[in-house]
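# Notes for the structure review
Take a look at the letters that make up each chain.
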Amino acid sequence: MEATAVEIRELRELNDLQAASRLFDELWQRATPALAPELLRAMTHAGGYAAGAYTGDRLIGAAAGFLGRHEGQACLHSHIVGVVPEAQGQGVGLALKQHQLRWARAAGIPVITWTFDPLVRRNAYFNLTRLGARAIAYYPNFYGRMDDGFNANEDTDRLLVTWPSDPEPTGSVPAPLDVDRIPIAVDEDERGGPVARVIEGPLVRCRIPADIVALRRRDPGLGHAWRLAVRQALGATLERGGTIETATRDGWYVLRSQ
């Protein structure tokens, strides 16, 4: 499936919002609604955002967000974005986020915010590298324990990111990082668990597992060990005023100390 064959439509009608709500529940394997149709209806009626990705009449992805405030200015908080498994990795999520960006820009909203699980490798790469969003805070157990098919009753740590709807020109382009030469602060051992090291220097690397969802299902204790190791590395860096420079496709965060 080519992303160019996908049509992104803003959702306004109740039946379309109901379909998006069902899609979210199917994707997150929820017993209770991730975003109930009546709440989605109220959000969009009050000026919030909802969009669907379609191939023909089939809904294959959706996104929803509500209006909020960030650092004293209006923002769109992108609460949820999901794409059916067979369409993942084919540009559908990117098309949804680009539509969201254009929507915010047209509405005069200067910034989009959202949170994501820092242990989910594909989301880290997509959010921080493909989109260029900036991680600004680490929240331990942000939602509390959730019983859906992805969080597996584990702590719901989240990274908060910001994404300007009309970014300022940066001028010079920074030199690319030689990631393989950066010292490793958190690595993976032969069992698939985390190994933390004390590393001095302005840049360090932090590993994340290839598939944390499958790992949590197979070995919850090992999944929790990763949660604690990444929480310490990323959370401490941001708390001390450092930055997360990038996330690589093969599962490395690059962290810069202040």
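Below is a summary of the structure that appears in this document. Note that the coordinates shown come from a computational prediction; the quantities given were computed from them, not determined experimentally.

### A closer look at the sheet that holds strand β4 (residues 73-83)
The strands making up a sheet are joined through hydrogen bonds of the backbone, oriented either antiparallel or parallel. Here we have seven strands laid out as an open sheet, ordered β1-β2-β3-β4-β5-β7-β6, and mixed in their pairing. Of all the strands in the sheet, the pair left with one neighbour each is β1 (7-10) and β6 (134-139). Ignoring which end each strand starts from, the neighbouring axes of this sheet average 25° apart. By the bridge criterion, three bridges tie β4 to strand β5 (residues 111-116) in an arrangement that is parallel. Following the sheet pairing, cysteine 75 is matched in β5 by valine 111. Where helix α1 (residues 14-28) meets the sheet, its contacts fall on β2 (49-55), β3 (58-70) and β4, and the angle it forms with β3 comes to roughly 95°.

### Quick notes on the packing of aromatic side chains
Within a pair of aromatic rings, the relevant descriptors are the distance that separates the centres and the angle that separates the planes. Under the defined criterion, the tally for this structure stands at five aromatic pairs. Aromatic side chains tryptophan 114 and tryptophan 163 sit 5.6 Å apart centroid to centroid with 85° between the ring planes, which places their arrangement in the edge-to-face category. Taken as a pair, tryptophan 114 in strand β5 and tryptophan 163 in strand β7 (residues 158-164) lie far apart in primary sequence, 49 residues in all. For the pair shown, tryptophan 114 and tryptophan 163 are each scored as buried. When the centroid spacing of 4.8 Å and the interplanar angle of 70° are considered together, the rings of phenylalanine 142 and tyrosine 143 count as edge-to-face. Through a chain of ring-to-ring contacts, the aromatic side chains of Tyr139, Phe142 and Tyr143 assemble into a single cluster.

### As for helix α2 (residues 37-45)
Three or more residues of α2 are buried, namely Leu40, Met43 and Thr44. All buried residues of α2 project into a common sector of 90° when viewed along the axis, lining one side. Exposed side chains of α2 directed beyond 90 degrees from the buried face belong to Glu38 and His45. Lining the buried residues of α2 we find α1, β2 and β3. Phi turns positive one or two residues past the end of α2, at glycine 47, with a value near 110°.

### Some words on unusual backbone geometry
If you check the backbone angles, glutamate 71 has positive phi at about 50° while not being a glycine. Position of glutamate 71 among the secondary structure elements: in the loop between β3 and β4. A relative accessible area of 69% means that glutamate 71 is categorised as exposed. Here asparagine 141, not a glycine, exhibits a phi torsion of approximately 50°, which is positive. Mapped onto the elements of the fold, asparagine 141 is located in the loop between β6 and β7. Judged by its relative accessible area of 30%, asparagine 141 falls in the partly exposed class.

### Considerations on the nonpolar core
With 68 residues, the main nonpolar core has Leu159, Leu234, Ile244 and Tyr253 as its most contacted residues. Core analysis: the second largest hydrophobic core is formed by six residues, Ile182, Ile184, Trp252 and Val254 among them.

The rules behind these values
- Every residue gets a number counted from 1 within its own chain, in the order that chain's sequence is written.
- Residue-level local features of this predicted model are given only where pLDDT is at least 70; pairs of side-chain atoms are given and counted only at 80 or more, and the full residue set underlies all totals for whole chains, interfaces and linings.
- Heavy atoms from the whole structure form the basis of all side-chain values; hydrogens and water molecules are not counted.
- Think of it this way: DSSP has to see at least two bridges between two strands before they count as a pair.
- Labels follow the DSSP assignment, with helices taken as runs of H or I lasting at least four residues and strands as runs of E lasting at least two, numbered in each case from the N terminus.
- Here an axis means a line fitted to C-alpha atoms, over the contact stretch when the element is a helix, while the angle between two N-to-C directions is reported on a 0 to 180 degree scale.
- Note on definitions: a residue-residue contact is assigned when non-hydrogen atoms from the two residues lie within 4.5 Å.
- Between rings of Phe, Tyr and Trp, where Trp is taken as its six-membered ring, a pair exists when centres lie within 6.5 Å; planes separated by under 30 degrees are stacked, by over 60 edge-to-face, and by other angles tilted.
- With a 1.4 Å probe rolled over the protein chains alone, any residue whose accessible area is under 20% of its type maximum counts as buried; one over 50% counts as exposed, and the rest are partly exposed.
- In this description, one arc is meant: the one made by directions from the helix axis to the C-beta atoms.
- We call a set of buried Ala, Val, Leu, Ile, Met, Phe, Trp, Tyr and Cys residues a nonpolar core when their side-chain atoms join them within 4.5 Å.

Read these as layout, nothing more, since geometry by itself doesn't imply function.
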